[in-house]
There are 2 protein chains.
Amino acid sequence: MGQVATIKDVAQRAGCGVATVSRVLNNKGSASAKMREKVMTAVKELDFQFSEVGRSLQSNTTRTIGCVVPSIENPVYADAVQGAQEVCLDAGYQMLLICTNYNAEMETHAIRTLIAKQVDGIILTVGDVQNSEGLDLIRSRTLPHCLLYNTAPAGQISWAVDDHAAGVKVADVFFENNHKHTGFVGLDFLSSDRARQRFEGFSQGCANHKMTPPALLEVGDNEDNLTPQLDAFLKRHPNITGIFASNDYRALATIRSARQLSIDVPRDMSIVGFDGIKVGQMIDPTLATIVTAPRKLGAGASQTILSMITGSTPLQLPLKEQTFSFRAGGSLMPLAAESKDGEKVAAFPPSDDQTYKKAKIQQERST
Amino acid sequence: MGQVATIKDVAQRAGCGVATVSRVLNNKGSASAKMREKVMTAVKELDFQFSEVGRSLQSNTTRTIGCVVPSIENPVYADAVQGAQEVCLDAGYQMLLICTNYNAEMETHAIRTLIAKQVDGIILTVGDVQNSEGLDLIRSRTLPHCLLYNTAPAGQISWAVDDHAAGVKVADVFFENNHKHTGFVGLDFLSSDRARQRFEGFSQGCANHKMTPPALLEVGDNEDNLTPQLDAFLKRHPNITGIFASNDYRALATIRSARQLSIDVPRDMSIVGFDGIKVGQMIDPTLATIVTAPRKLGAGASQTILSMITGSTPLQLPLKEQTFSFRAGGSLMPLAAESKDGEKVAAFPPSDDQTYKKAKIQQERST
DNA sequence: AATATAATTGGAAACGTTTCCAATGGGAGG
DNA sequence: CCTCCCATTGGAAACGTTTCCAATTATATT
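The structure displayed is predicted, hence computed values, not measured ones. Once a new chain begins, its residue numbering starts again from 1 and follows that chain's sequence as written. Think of it this way: whatever chain is written first is A, whatever ligand is written first is 1, and the rest follow in order. In keeping with the predicted nature of the model, local features appear solely for residues at pLDDT of at least 70, side-chain atom pairs appear and are counted solely at 80 or more, and the whole-chain, interface and lining totals rest on all residues. Working from all heavy atoms in the structure, the side-chain values ignore hydrogens and water.

### Describing the protein's contact with DNA strand D
To be explicit about the condition: By convention in these notes, a residue is near a molecule or strand provided one of its non-hydrogen atoms lies within 4 Å of it. Polar contacts, as counted here, are pairs of nitrogen or oxygen atoms within 3.5 Å of one another; within protein the pair requires one atom able to donate a hydrogen and one able to accept it, and residues that are adjacent in sequence qualify only if both atoms are side-chain atoms. Only DSSP runs of H or I with at least four residues qualify as helices, and only runs of E with at least two residues qualify as strands; both kinds are numbered from the N terminus onward.
Near DNA strand D you find 27 residues, and of these Ile7, Ser22 and Ser51 of chain A together with Thr20 and Ser32 of chain B are the closest. Atoms of DNA strand D within 4 Å of the protein: sugar and phosphate make up 66%, bases the balance. Contacts to DNA strand D include Gln58 of chain B, whose backbone N or O atom sits 3.4 Å from a base oxygen. Elements represented by at least two residues in the surface near DNA strand D include exactly helix 1 (7-14), helix 2 (18-26) and helix 4 (52-59) of chain A together with helix 2 (18-26) and helix 4 (52-59) of chain B.

See below:
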């Protein structure tokens, strides 16, 4: 960096003290018209701009908020970060972003770094809310922070999808469409708190409707060879007619694998995903899914943080039920009414495009 | 923020001067064993951590690099940012992220902000390299910076896909698969420099092979009603057998619209996309596309910036041809050899799954 | 014109670091 | 025991701001 002008340079050029320059530029305190003038021209000539680091040191404030998420390669987080970032920017804050790659050690390190950088607040998604070294660090400094996509521990604020309620909703939808025997495809639960919540809600919902408890297929994060696992799974549970996948990618993978096993979606099997990624509506069949609003969650987290910082009254959290909605799609169709006995084979509607379309429309109205 | 301990507190508690604390903690200069000891315990007791802002003021360095991109809702940028961020983090730098939403005013403001924040370098994607106020600001301060996804102006470094060469490659691929009459679907070019480059390369490639110049379909960013536009387009150019879409989303939309027009992909029409998004391989047919490596580009940009900062020898840019590769997929299949006359209807292979599969395999080998 | 009051101004301290430099102390060698 | 040298140590300045406060100047009121 070639030498940049400081407030001293401006003062010298304008022929006044630094205090005057500061007052003029910040519109704080009094200054005569001619002084204003002189300062302004000096600023122009030197192309002066305040150094935020000098300011930060003096004000004990950085106007920066930290954001810690696992990875923005996941569009859910990317969108949330974008939403959060926009709100920050509008309020004159900048965002320091750190991705942890789902690594607890990185997470702790990231938070330590943000604390050292003196951020005014932190928005974060941690791996384990109950046991997070980073979170403890934050708490011990009473630094404003707000969780994102974590289920809030008691008395804490978190902007997150209510995974459990969403799971219940999916069970409701399957029930309304006459599917009584269902399955759940998810990543092994150890690594994902959220998938577990979805499953538990789904189980609960099935129980509410006296449906068979959902069969569980846990897969590794290796999405490629889902087909053999799905095959074995469906052989074990032959009367399943509906599958809830823990996210949209997994739902797509499931559809693909089903197709490889000559199982048509939605004729032979209905699939519901989770997240509501954009492509879900661009493919055929379109993907029925729980759609979430990551941008809004991110934006909300930012607003919460900002209100904590400014001390203004904190934003109301959305109702749990408003953190998601069901979107109908071609991957889910109602089972013919006479299928209530669960005799899957007998339940197929005739293989007729018209029928399918009607079913889809009906389905769309049901939301 | 409850009062945090400063170096003075540590010094007081350890019974020494601040200089000693600084020396001990930075392992710089000499210090006796017992002093080290005392300082360390004081640090533990107070849970002390250096304030980076004090440091920054003194060292005229923030160990922060700024990153300006249009939007991380676009996975291409999200991945690039993630790659860049990781490299920065590994080098002990943090990343300040600002998304401009494709808005030139925001872009300028973002850069101004980053300069005020005294970032040590900037990675940026601008809307118009030739005419960017922000870029001028950076240049006038001789601040280390590196372009990303912009075609580099003379003498500048930019980590970007060679869109032109990629366009040529797509033409090559169509040629190898006997497609002579092609089209290009892209956003109106005013807003996207890159799409234009792709089109120009594609045209060039078609010319190289003495194919008909590609027909151009410019669509608005409203992806929903592509169908009528595609219909009109194909009526105007009835013998088109291959379409190159300016990105994967548009390719998927094109496939969907084609299907609505009862045009089967790939039987009646081959489609090639651009970007190589993940879902392209999860759908049916899989999407033939130009795959790019956004993470690598982002990481490369970071390395360039870091080497500029440290003054080490700058990383070699990748060869233009290495910034992308073609990935075969089910959405592209060869036209039967006897179709060279362009008589599309006569060219259909028999509607036989086996044939399709063979065609695909052959296609995959051709890369 | 003299005084009281208000507006304007600049010096200096403070924020948390690093680093220069001078001062102190201890040990070795004479 | 004296001297010299080196290791250790702390005071102070500097980095770029803001803001308190005292000093100066301008304006209003008699």
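Next, the rest of the story.
### Quick word on the protein's contact with DNA strand C
To be explicit about the condition: Throughout, the ten residues Ala, Val, Leu, Ile, Met, Phe, Trp, Tyr, Cys and Pro are labelled nonpolar, Asp, Glu, Lys and Arg are labelled charged, and all others, Gly among them, are labelled polar.
Taken together, 27 residues lie near DNA strand C, and Thr20 and Ser32 of chain A together with Ile7, Ser22 and Ser51 of chain B sit nearest. At 3.0 Å from a base oxygen of DNA strand C is found a side-chain nitrogen or oxygen belonging to Arg23 of chain A. Note that a phosphate oxygen of DNA strand C is positioned 2.8 Å from one of the backbone N or O atoms of Ile7 of chain B. Contributing elements (two or more residues each) for the surface near DNA strand C: helix 2 and helix 4 of chain A together with helix 1 (7-14), helix 2 and helix 4 of chain B. If you tally residues by element for the surface near DNA strand C, the top one is helix 4 of chain B, at four residues. Residue classes in the surface near DNA strand C are distributed as ten nonpolar, 13 polar and four charged.

### Observations concerning the pattern of salt bridges
Keep this limit in mind: Salt bridges are defined as contacts in which a side-chain nitrogen from Lys or Arg sits within 4 Å of a carboxyl oxygen from Asp or Glu. A 1.4 Å probe rolled over the protein chains alone gives each residue an accessible area, and that area as a share of the maximum for its type sets the label: buried under 20%, exposed over 50%, partly exposed in between.
For the structure shown, the criterion picks out 22 salt bridges over all chains. Two residues, Arg295 of chain A and Glu73 of chain B, come together in a salt bridge whose shortest N-O distance is 2.1 Å. With Arg295 of chain A in helix 12 (residues 294-310) and Glu73 of chain B in the loop between strand 1 (64-69) and helix 5 (75-90), this residue pair bridges two chains. A salt bridge links Arg139 of chain B to Asp136 of chain B; the nearest nitrogen and oxygen atoms lie 3.8 Å apart. In this pair, Arg139 of chain B and Asp136 of chain B are both assigned in helix 7 (residues 133-140), three residues apart and thus about one turn of the helix distant. Given the relative accessible area of 45%, Asp136 of chain B is considered partly exposed. Here the salt bridges do not stand alone but share partners, grouping Glu73 of chain A together with Glu86 and Arg295 of chain B into one network.

### Considerations on the domain arrangement of chain A
Buried accessible area, meaning the area lost when the parts come together, often serves as the stated size of an interface. Rule in force here: An automatic or database domain assignment is the source of the domain bounds shown.
By domain assignment, chain A separates into domain 1 (7-50), domain 2 (64-161 + 295-318) and domain 3 (163-291 + 325-357). One C-alpha centre belongs to domain 1 of chain A, the other to domain 2 of chain A, and the line joining them spans 38 Å.

### Looking at the interface of chain B and chain A
Rules: Any two residues whose heavy atoms approach within 4.5 Å at even a single point are treated as in contact. The term buried area refers to how much accessible surface (probe radius 1.4 Å) is lost by two components on association, counted for both of them together. Two strands pair under a simple rule: DSSP has to find at least two bridges between them.
Counting residues at the interface gives 59 residues for chain B, matched by 58 residues for chain A. Across the interface of chain B and chain A, roughly 5400 Å² is buried in total on both sides, 56% from carbon and sulfur atoms. For the pair chain B and chain A, the number of links is six salt bridges. Salt-bridge contacts for Arg141 of chain B lead to Asp47 of chain A; the nearest nitrogen and oxygen are separated by 3.1 Å. Taken together, the links from chain B to chain A amount to 30 residue pairs in polar contact (both at pLDDT 80 or more). When contributions to the side of chain B that touches chain A are tallied by element, the ones reaching two or more residues are helix 4, helix 5, strand 2 (94-99), helix 6 (104-116) and helix 11 (248-260) of chain B. It is helix 5 of chain B that contributes the most residues to the side of chain B that touches chain A, seven residues altogether. A breakdown of the residues in the side of chain B that touches chain A according to their chemical character gives 25 nonpolar, 18 polar and 16 charged. Where strand 2 (residues 94-99) of chain A and strand 2 of chain B come together, three bridges link them in antiparallel fashion.

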